[in-house]
Amino acid sequence: SLHDALPISFTRPSKPTRYTPDFKLPNGIFLEVKGLFSASDRAKHLLVREQHPEFDIRFIFQRASQRLYRGSPTTYADWCNKNKFRWAEGGIPKSWLTEKK
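A brief look at the structure comes next. (Residues numbered from 1 in each chain as written. Predicted model: local features only at pLDDT ≥ 70, side-chain atom pairs only at ≥ 80, totals over all residues. Heavy atoms only, no water.)

In this approach the atoms are scanned with a rolling probe the size of a water molecule, which exposes any empty space left behind. Size it by volume and the largest pocket reaches roughly 430 Å³. Around the largest pocket sit 15 residues that line it, and T17, R18, Y19, V48 and Q51 are the ones nearest its centre. When the residues that make up the lining of the largest pocket are grouped by side-chain class, the tally is eight nonpolar, four polar and three charged. (1 Å grid on protein atoms, 1.4 Å probe; cavity = no way out; pocket = protein on both sides within 12 Å on 5 of 7 lines; lining within 4 Å. Points joined across faces, edges and corners; volume = space filled by probe spheres on them. Nonpolar A, V, L, I, M, F, W, Y, C, P; charged D, E, K, R; others polar.)

Per the counting criterion, the structure on display carries six salt bridges. Between E99 and R86 there is a salt bridge, and its shortest N-O distance comes to 3.5 Å. With E99 in the segment after helix 3 (94-98) and R86 in the loop between helix 2 (76-82) and strand 4 (87-89), the pair connects residues that are 13 residues apart, well separated along the chain. Its relative accessible area of 40% is what places R86 among the partly exposed residues. (Salt bridge = Lys/Arg side-chain N within 4 Å of Asp/Glu carboxyl O. Helix = DSSP H or I, 4+ residues; strand = E, 2+ residues; numbered from the N terminus. Buried < 20%, exposed > 50% of the residue type's maximum accessible area, 1.4 Å probe, protein only.)

Take the pairing of strand 3 (residues 57-61) next. The element strand 3 is largely enclosed, with a buried count of five among its five residues. Of the two faces of strand 3, the one lined by I57, F59 and F61 and the one lined by R58 and I60 are each fully buried. The sheet contact formed by strand 2 (residues 30-34) and strand 3 spans five bridges and is parallel. Bridge pairing in strand 3 links E32 to F59. Viewed along the sheet, the connection from strand 2 through helix 1 (residues 39-51) into strand 3 turns out right-handed. The pairing of strand 3 with strand 4 spans three bridges and is classified as parallel. Among the inter-strand pairings, F59 is bridged to a residue of strand 4, identified as W87. Handedness of the strand 3-helix 2-strand 4 crossover: right-handed. (Pairing = 2+ DSSP bridges. Right-handed = clockwise from strand over helix to strand, strands pointing away.)

Before going further, it helps to spend a moment on the side chain of D41. Here D41 lies in helix 1. Side chain to side chain, D41 and K34 meet in a polar contact 2.4 Å long. (Polar contact = N/O pair within 3.5 Å; in protein donor to acceptor, adjacent residues only side chain to side chain.)

What follows is the structure in structure tokens.
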């Protein structure tokens, strides 16, 4: 019957996109400053790192203990740790400013 149709999976063609980091330290470290860390933002950063592993992108969170979404067991800090991104809370660690690349 007409109502027995199954969903058909497909992949949308990729769309070239650009990303501009919030800040770049003199030593080449890129910083992203986050209050809200949305799902689309997290997905973007995984893709950027996958396609550009040569860049060192780190996060500064207003509150690293913030949950990814209401009821989530995962915090922003947990997500960074799981995905091997370095992060800090509240400001740029001095060690990042003096770190040699």
